[in-house]
Amino acid sequence: QVQLVESGGGLVQPGGSLRLSCAASGNIFSINYIGWFRQALGKEREFVAGIRWSGSNTYYVDSVKGRFTISRDNAENTVYLQMNSLKPEDTAVYSCAASKLPWTFLTAARLYDYWGQGTQVTVSL
């Protein structure tokens, strides 16, 4: 089993920045890919960014490309999502997920095996 715990959400003004953390524990060696998803009020959950557990092959949805950066801290078994130039439409509950699949990018939620509890991000004046 793998446990994922997100943190770092909060309220930020448009144009501001937040860094989300996803701490993994348990059988971390079964993880091959980490993805960040978000779900805004009244909308379906969508893929935001992903990274191989090795730290390579980052992938971003078009709406956040150039603004968000996903990375992994090997020493802490933690994946980060640095979010810059935030927009009101980025407001959502952000969740991290882990997949055992070895592919270079995974965008479908059904391909993930483990999920965190989510953290709220609100971008507003």
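Check the entry above for the structure.
A brief structural summary.

**Details of the overall build of the protein**
When helices and strands are counted, the protein shows zero helices and eleven strands. N-terminal to C-terminal, the α/β element order of the protein is β-β-β-β-β-β-β-β-β-β-β. The C-alpha radius of gyration of the protein comes to 13 Å, within 12% of the 14 Å expected for a compact globule of 125 residues. For the protein, the C-alpha atoms occupy an extent of roughly 40 × 25 × 25 Å along the three principal directions.

**Some points on the state of the cysteines**
Scanning the entire structure with this criterion turns up one disulfide. A sulfur-sulfur separation of 2.1 Å characterises the disulfide bridge that pairs cysteine 22 with cysteine 96. Its torsion about the S-S bond being 70 degrees, the disulfide of cysteine 22 and cysteine 96 is classed as right-handed. Highlighted residues: cysteine 22 in strand β3 (residues 18-26) and cysteine 96 in strand β9 (residues 92-99), separated in sequence by 74 residues.

**Some details on the sheet that holds strand β7 (residues 68-73)**
A sheet is described by the order of its strands in space; here four strands give the open sequence β1-β3-β8-β7, paired in antiparallel fashion. Of all the strands in the sheet, the pair left with one neighbour each is β1 (2-7) and β7. The sheet shows a mean angle of 15 degrees between the axes of neighbouring strands, direction not considered.

**Considerations on the nonpolar core**
Ranked by internal contacts, the top residues of the largest apolar core, which has 31 residues, are Trp36, Phe68, Leu81, Met83 and Tyr94. Elements represented by at least two residues in this core include exactly β1, β3, β4 (33-39), β5 (46-52), β7, β8 (78-83), β9 and β11 (119-123).

**Comments concerning the packing of aromatic side chains**
In total, this model carries seven aromatic pairs according to the counting rule given. An angle of 80 degrees between the planes, with centres 5.6 Å apart, marks the rings of phenylalanine 37 and phenylalanine 47 as edge-to-face. Note that phenylalanine 37 is positioned in strand β4 and phenylalanine 47 in strand β5, a separation of ten residues in sequence. By the burial criterion, phenylalanine 37 is buried, and phenylalanine 47 matches it. A ring pair is formed by phenylalanine 37 and tryptophan 115, whose centres lie 4.9 Å apart and whose planes are at 50 degrees; its orientation type is tilted. Here tryptophan 115 lies in strand β10 (residues 114-115) and phenylalanine 37 lies in strand β4, a separation of 78 residues in the sequence. Judged by relative accessible area, which is 29%, tryptophan 115 ranks as partly exposed. One aromatic cluster is present, formed by Tyr33, Phe37, Phe47, Tyr59, Phe105, Tyr112 and Trp115 through successive ring pairs. The ring of tyrosine 80 carries the charged tip of arginine 19 above its face, separated from the ring centre by 4.2 Å.

**Observations regarding empty space enclosed by the protein**
Taken as a whole and judged by the stated rule, the model has one cavity of 30 Å³ or more. Estimated volume of the largest cavity: approximately 40 Å³. Partitioning the lining of the largest cavity into residue classes produces two nonpolar, one polar and five charged.

**Things to note about the environment of glycine 116**
Here glycine 116 shows up in the loop between β10 and β11. Residues glycine 116 and leucine 4, spaced 112 residues apart in sequence, show a C-alpha to C-alpha distance of 4.6 Å. With residues up to four places along the chain from it excluded, the contact list for glycine 116 reads Leu4, Glu6 and Cys96.

Rules used in this analysis
Residues numbered from 1 in each chain as written. Predicted model: local features only at pLDDT ≥ 70, side-chain atom pairs only at ≥ 80, totals over all residues. Heavy atoms only, no water. Helix = DSSP H or I, 4+ residues; strand = E, 2+ residues; numbered from the N terminus. Rg over C-alpha atoms; globule rule 2.2 N^0.38 Å. Disulfide = S-S within 2.5 Å. Pairing = 2+ DSSP bridges. Axes fitted to C-alpha atoms, helices over the stretch in contact; angles between N-to-C directions. Core = buried A, V, L, I, M, F, W, Y, C linked by side-chain atoms within 4.5 Å. Buried < 20%, exposed > 50% of the residue type's maximum accessible area, 1.4 Å probe, protein only. Phe/Tyr/Trp six-rings, centres within 6.5 Å; stacked < 30°, edge-to-face > 60°. Lys NZ or Arg CZ within 6 Å of the ring centre and 35° of its normal. 1 Å grid on protein atoms, 1.4 Å probe; cavity = no way out; pocket = protein on both sides within 12 Å on 5 of 7 lines; lining within 4 Å. Points joined across faces, edges and corners; volume = space filled by probe spheres on them. Nonpolar A, V, L, I, M, F, W, Y, C, P; charged D, E, K, R; others polar. Contact = heavy atoms within 4.5 Å.

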